[in-house]
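A structural walkthrough
For reference, the chains in residue letters:
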Amino acid sequence: AVLGFGAMRLPTIGNDPSHVDEPQAIEMIHYAIDHGVNYLDTAYPYHEKHSEIVVGKALLNGYREKVKLATKLPSWLVERADDFDRFLDEQCEKLQTDYIDFYLLHALNSTRWPKLRDWEVLNWAESALTDGRIHYLGFSFHDDFAVFKDIVNATDRWTFCQIQYNYLDTQNQAGTAGLQYAASKDMAVIIMEPLRGGNLAKTPPPTIKDIWAKAENKRTPVEWSLGWIWNHPEVTLVLSGMNEDAHIEENLRIADQ
């Protein structure tokens, strides 16, 4: 699938990020999977450590076998090499699974990456790949292109990376240069923040709206934004944080076009 479900912004009760509306969230995840979404992305800190628990509940009763599950090592919380196993084991327990399909080193940058590298995270990951606890190794990223390039070049064990990308972020962070560089290394590229937290769906810049207004084919801001990303052949999958049924339906409709 070209569309993945991001579990960073699940529906909540009382605007409390730690208080996920579990029945609604599970129902939404099931709906997305039942309609063809087969990549589900969460992380250790999402919803103040509750996202993985809710996702784990959603994947009971046969749903685990229907998806590729991604979660992330909280790189900023690692204080020693022993923490790699501790976090992964805790995450598997919360997610009620024996393995993680796509495991990311979360939010790498110029300070976090050297720390993990010096604690031999790549050797640890090799052992986790060998014993089957993780199936593919990647990283998510928030820094500039030079740092991104260094991380990509650090090992041929990376299968994929996750970067922020949308029509306003072509020069920010990894940007278009990072997208193309990762693809040139045969890495899959997962896109996060395609709508900048939903802001591009609500208030696109006036100059962009003017361009859209002149187009022969009229589309919604979400259609323009996602279509722009999917037009890049280097993009493998786009993550969307869908916290309303209408979001899921709209995203699925656009993905099918």
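See the structure shown above.
We now turn to the structure provided with this report. Here the structure is a predicted model, which is why all the values come from computation and not from measurement.

Calculation criteria
Residues numbered from 1 in each chain as written. Predicted model: local features only at pLDDT ≥ 70, side-chain atom pairs only at ≥ 80, totals over all residues. Heavy atoms only, no water. Phe/Tyr/Trp six-rings, centres within 6.5 Å; stacked < 30°, edge-to-face > 60°. Helix = DSSP H or I, 4+ residues; strand = E, 2+ residues; numbered from the N terminus. Buried < 20%, exposed > 50% of the residue type's maximum accessible area, 1.4 Å probe, protein only. Salt bridge = Lys/Arg side-chain N within 4 Å of Asp/Glu carboxyl O.

This structure, assessed with the given rule, holds 15 aromatic pairs. Here Phe-102 and Phe-160 contribute two aromatic rings whose centre-to-centre distance is 5.1 Å and whose plane-to-plane angle is 85°, an arrangement assigned as edge-to-face. Here Phe-160 lies in strand β6 (residues 158-164) and Phe-102 lies in strand β4 (residues 100-108), a separation of 58 residues in the sequence. Exposure class is identical for Phe-102 and Phe-160. Each is buried.

Its identity as a non-glycine residue notwithstanding, His-47 has a phi of 50°, on the positive side. Structurally, the position occupied by His-47 is in helix α2 (residues 46-49). Look at Ala-107: it is not a glycine, yet its phi comes out positive at around 55°. Following the sequence through the fold, Ala-107 ends up in strand β4.

Let's shift gears to the pattern of salt bridges. In total, this model carries 13 salt bridges according to the counting rule given. A salt bridge links Asp-83 to Arg-86; the shortest N-O distance between them is 3.2 Å. Separated by three residues within a single helix, Asp-83 and Arg-86 lie in helix α4 (residues 83-95), roughly one turn from each other. By relative accessible area, Asp-83 is classed as buried at 2%. Overall, Arg-86 belongs to the partly exposed group, its relative accessible area being 41%. For Arg-133, the salt bridge goes to Asp-131, with nearest N and O atoms at 3.1 Å. In this structure Asp-131 comes out as partly exposed when scored by relative accessible area, which is 45%. A cluster of three or more residues bridged by salt bridges with shared partners is formed by Asp-85, Asp-89, Asp-131 and Arg-133.

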